[in-house]
Amino acid sequence: ANQQKKPYAVSVGTDGAIYISDTMNTRVIKCTGRDSSTCSVDATFTNFYPNFMLLDPSAPGSFYVSGTSSVQKCPGGGGACADFAGGGDESNMMAGARGLAFSVDRSQVYVADVTYHRVVTCDVGGTAGSNCNALLGTAFTAGDTERALNQPAGIVLEGGYSCTRPTTPGYVIDADKEHLSPGALPMGFTVEDITCADGFEANGTPTATACTSEGPYTLSGCEAIMCTRPVDVAYDFSGVTEELAKPTFSVTGVTCSDGYSLAAGTTEPTTTKCDTSGPYTVSGCSTTVCEQPALSSVDFAAVDEDLNAPTFKADGLTCASGYTGTPTATVCATHQGTYTVTGCDAIMCTQPSTVGFDFSSAEETSLAMPTFEVSGITCMAGYAAAEAGVAASACDTAGEYSVAGCTEFSCTRPAAATGYDLTGATENLLAHSFEVTGMACATHYAAAGEITATVCSEAGEYTLAGCAAIECTRPADVAGYDFTNATEVLTAPDFAVTDVACAAGYAGTPEATVCDAAGPFSLAGCAPIPCSRPENVAFDFGSVVETSLMAPDFDVSGITCAHTYTAPAGITAEACTAEGPYRVTGCVTDTAACVRPTTAGYVFEGATEELIVVKFDVSGVTCAPQYVGTAAVASCTGDQEAYAVSGCEPERCTRPDVIGYDFSGAVELSLALPTFEVSGVICAAKYVGTPTVTSCTGDQEAYAVSGCEPERCTRPD
């Protein structure tokens with residue numbers, strides 16, 4: 001069956017079978033699958049060479065097949081084929097039959113004849129040789145070019161219109177078995193194996209009827225299943241909304257009847273649509289059985305109960321101890337729910353007005369006698385709480401609850417009333433009515449606002465406020481006094497000013513006296529030093545002008561050198577430092593000479609020195625190591641006096657800006673390199689160690705600190 005010789009055409013049946021015209025083997029092969037093992041001979045011919053096939057949808061498995069001079073109709077399945085068209089007169093004659101097609105209503109078969117250059121139409125129910133007529137072409141009419149065809153081999157009939165699937169509910173359509181063109185070839189309009197959808201039932205056989213123009217075809221034979229409302233006393237349908245057709249079934253608003261209730265965890269009865277026409281089902285409501293509630297307000301000892309909801313009763317109830325009223329029982333709303341009892345109210349206590357107790361912070365959690373709970377009561381000012389604390393107890397009948405634990409106490413005068421004078425004070429020491437008046441500030445103290453006495457919070461001393469120690473200040477005019485090394489404690493009660501010295505030009509014993517009110521303390525004891533004229537043969541005082549001989553404003557001029565003395569650098573007069581002659585310098589003989597000074601910070605090695613005063617000349621003096629500047633020299637003013645040097649200052653360190661060190665208590669006695677001394681540096685918070693301070697090595701560099709490390713945590717075990 002699989003050895004084919006010049007197969008000419010292929011057609012596909014509605015069942016998916018493939019039909020092959022095996023032309024030179026004069027047969028038709030049918031294959032039901034994609035494997036060659038499914039192929040078999042479906043029709044055989046004698047002296048007939050099959051070309052095109054036209055499958056007949058009205059008789060599945062049968063087909064028409066064209067040959068050279070005729071068309072045969074075959075039943076399929078190996079049955080004998082019979083002549084359908086060809087032979088007879090000119091209208092029926094064929095010489096090259098090829099393409100085949102049904103008319104729209106499948107009453108005609110169109111045949112394309114390549115030899116006669118025409119298309120003929122043949123009646124399906126006619127007899128071969130007389131059932132065909134020429135439709136198109138000019139095989140026997142020469143020169144008719146308008147109708148001329150040239151070897152027409154195939155023919156396809158346009159269906160004209162197609163049906164569409166309707167939206168009618170209730171039907172299940174298999175798209176593979178739906179052919180929607182009534183006139184289309186080879187299948188035309190067929191819809192097979194229609195079934196009723198869920199919720200619908202068949203009323204006869206479900207069928208499809210072709211449309212008669214473009215549009216949906218018609219379905220019939222399926223009807224919606226209709227449910228009905230059930231009858232059940234457990235359910236209340238008074239507020240129900242129903243859609244009873246099974247495909248669109250919907251029921252809402254069903255509730256449980258009185259005496260019936262839903263199971264725990266459900267919110268409404270459940271409705272289920274019917275399987276066939278009849279009542280739908282409803283479930284979820286069952287007879288309600290109540291349970292006795294656990295209420296401390298009600299006494300159930302003599303109760304007579306029927307706990308079934310439809311016949312519910314609970315007689316003989318009374319109010320429990322601590323409650324008053326007439327109890328009333330109400331049936332439960334849910335199965336195994338407790339019925340409710342109302343009418344028993346707790347006896348209520350009220351807050352007392354007992355003196356000595358403070359209720360401002362009280363928490364009255366419950367004032368009902370059975371659950372009485374009050375806390376947070378404190379004692380009023382002037383009352384002390386007992387060691388056991390303040391307690392509240394419930395009332396026995398409606399009224400005030402009771403309190404205990406607060407006792408009145410008295411204050412005492414403070415033993416150390418520093419700064420206060422209570423000599424004329426009037427005292428009422430009972431704490432709850434405490435009052436002290438007539439207080440004053442003690443000597444060296446002054447009132448800073450109102451002087452007050454505050455009651456004690458428990459038995460003990462009351463407190464005083466309002467008097468503050470007077471603070472003295474240093475006088476604005478301290479002429480004649482030197483405070484360079486002074487130590488001052490300026491609070492009047494502890495007043496002490498020590499190590500004040502008389503300033504230059506003054507002498508005496510300085511003394512500071514405490515102020516009587518906030519302001520400067522007073523000074524006394526230092527007086528200006530009086531000077532007198534010296535006796536010195538080197539000087540001539542004949543023209544002297546002594547404007548002032550008092551040391552602070554010493555002013556003397558007009559002194560000259562005596563005979564044989566000269567003043568190469570001028571004459572200087574200086575005030576005395578103690579009562580006695582003032583000092584004059586500058587007049588020397590020609591042999592008077594200076595000496596080299598011993599001032600620290602200077603290098604004299606390599607210097608050139610002419611030390612005779614009248615021709616003094618010194619050069620080459622420089623600053624010593626750890627000193628900076630430019631050295632300068634000046635002549636002395638008297639014989640064997642040191643000449644003056646200036647201009648060299650010690651190099652100085654600066655305080656470092658480093659973390660880990662606390663300089664707040666540091667004593668930087670000297671930051672100069674030659675005399676560097678710093679102490680009192682400590683490790684900062686969260687640092688440990690022993691700090692060490694080291695001098696810097698150059699001017700304006702920070703001195704070094706070391707020895708403090710951060711405190712460190714360890715991994716926990």
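Residues numbered from 1 in each chain as written. Predicted model: local features only at pLDDT ≥ 70, side-chain atom pairs only at ≥ 80, totals over all residues. Heavy atoms only, no water.

**Some details on the state of the cysteines**
Then comes step 1: This structure, assessed with the given rule, holds 21 disulfides.
Then comes step 2: Covalent S-S linkage joins Cys349 and Cys395, the inter-sulfur distance amounting to 2.0 Å. Looking down the S-S bond of the Cys349 and Cys395 bridge, the torsion is -90°, so its handedness is left-handed. Taken as a pair, Cys349 in strand S37 (residues 349-350) and Cys395 in the loop between strand S43 (391-393) and strand S44 (399-400) lie far apart in primary sequence, 46 residues in all.
Then comes step 3: Since its relative accessible area comes to 5%, Cys395 is described here as buried.
Then comes step 4: The partner cysteine of Cys502 in its disulfide is Cys526, sulfur to sulfur 1.9 Å. One quick way to see it: the torsion about the S-S bond of Cys502 and Cys526 is about -90°, and its sign makes the bridge left-handed. Of this pair, Cys502 sits in strand S59 (residues 501-502) while Cys526 sits in strand S62 (residues 522-528); the two residues are 24 residues apart in sequence, bridging distant segments of the chain.
Then comes step 5: In this model Cys713 remains outside any disulfide bridge; the closest cysteine sulfur is found in Cys683, 17 Å from its own. (Disulfide = S-S within 2.5 Å. Helix = DSSP H or I, 4+ residues; strand = E, 2+ residues; numbered from the N terminus. Buried < 20%, exposed > 50% of the residue type's maximum accessible area, 1.4 Å probe, protein only.)

**Observations regarding the sheet that holds strand S10 (residues 108-113)**
Then comes step 1: Strand order in the open sheet formed by four strands is S9-S10-S11-S12, and the pairing between neighbours is antiparallel. Looking along the sheet, the strands with just one partner apiece sit at the ends: strand S9 (97-102) and strand S12 (132-137). Across the sheet, the axes of successive neighbouring strands diverge by a mean angle of 25°, strand direction being ignored.
Then comes step 2: As paired elements, strand S11 (residues 118-123) and S12 share five bridges and run antiparallel to each other. When the bridges of S12 are listed, Thr121 appears paired with Asn133. (Pairing = 2+ DSSP bridges. Axes fitted to C-alpha atoms, helices over the stretch in contact; angles between N-to-C directions.)

**A closer look at the side chain of Asn131**
Then comes step 1: If you trace the backbone, Asn131 turns up in the loop between S11 and S12.
Then comes step 2: The exposure class of Asn131 is buried, given its relative accessible area of 3%.
Then comes step 3: Within the local environment of Asn131, its side chain forms a polar contact with the backbone oxygen of Phe84, the two atoms lying 3.0 Å apart. (Polar contact = N/O pair within 3.5 Å; in protein donor to acceptor, adjacent residues only side chain to side chain.)

**A short note on the environment of Leu219**
Then comes step 1: Tracing the sequence through the fold places Leu219 in strand S20 (residues 218-224).
Then comes step 2: Judged by its relative accessible area of 10%, Leu219 is buried.
Then comes step 3: When neighbours within four sequence positions are excluded, Leu219 is seen to be in contact with Pro166, Thr168, Tyr171, Ile173, Ile194, Thr207 and Ala208. (Contact = heavy atoms within 4.5 Å.)

**Points about the pattern of salt bridges**
Then comes step 1: For the structure shown, the criterion picks out twelve salt bridges.
Then comes step 2: Glu546 serves as the salt-bridge partner of Arg533, at 2.9 Å between the closest nitrogen and oxygen. One end of the pair, Arg533, is in the loop between strand S63 (531-532) and strand S64 (539-540); the other, Glu546, is in strand S65 (residues 545-548), and 13 residues separate them in sequence.
Then comes step 3: What makes Glu546 partly exposed here is its relative accessible area of 26%.
Then comes step 4: The residue Glu641 makes a salt bridge to Arg583 at a minimum N-O spacing of 3.3 Å. With a gap of 58 residues between them, Glu641 in the loop between strand S75 (627-634) and strand S76 (644-650) and Arg583 in strand S70 (residues 583-585) connect regions that are remote in the sequence.
Then comes step 5: Here Glu641 falls in the partly exposed class, since its relative accessible area comes to 24%.
Then comes step 6: Residues joined by salt bridges that share partners form a network here, namely Glu574, Arg583 and Glu641. (Salt bridge = Lys/Arg side-chain N within 4 Å of Asp/Glu carboxyl O.)

**Brief notes about the sheet that holds strand S4 (residues 39-44)**
Then comes step 1: The antiparallel open sheet is built from four strands, whose spatial order is S1-S2-S3-S4. Two strands lie at the open edges of the sheet, namely strand S1 (7-12) and S4, each paired on one side alone. Pairwise comparison of adjacent strand axes, ignoring direction, gives a mean angle of 25° for this sheet.
Then comes step 2: In terms of strand pairing, strand S3 (residues 27-31) meets S4 through five bridges, oriented antiparallel. The partner of Cys31 across the bridge, within S4, is Cys39.

**Comments concerning the nonpolar core**
Then comes step 1: Grouped together as the largest cluster of nonpolar side chains are 17 residues, with contacts concentrated most on Leu422, Met439, Tyr462 and Leu464.
Then comes step 2: Looking at this core, the elements with two or more residues in it are strand S52 (445-454) and strand S54 (463-469).
Then comes step 3: Those residues in contact with Met439 that sit more than four places away from it in its chain are Asp421, Leu422, Ala425, Ile451, Thr452, Ala453 and Leu464. (Core = buried A, V, L, I, M, F, W, Y, C linked by side-chain atoms within 4.5 Å.)

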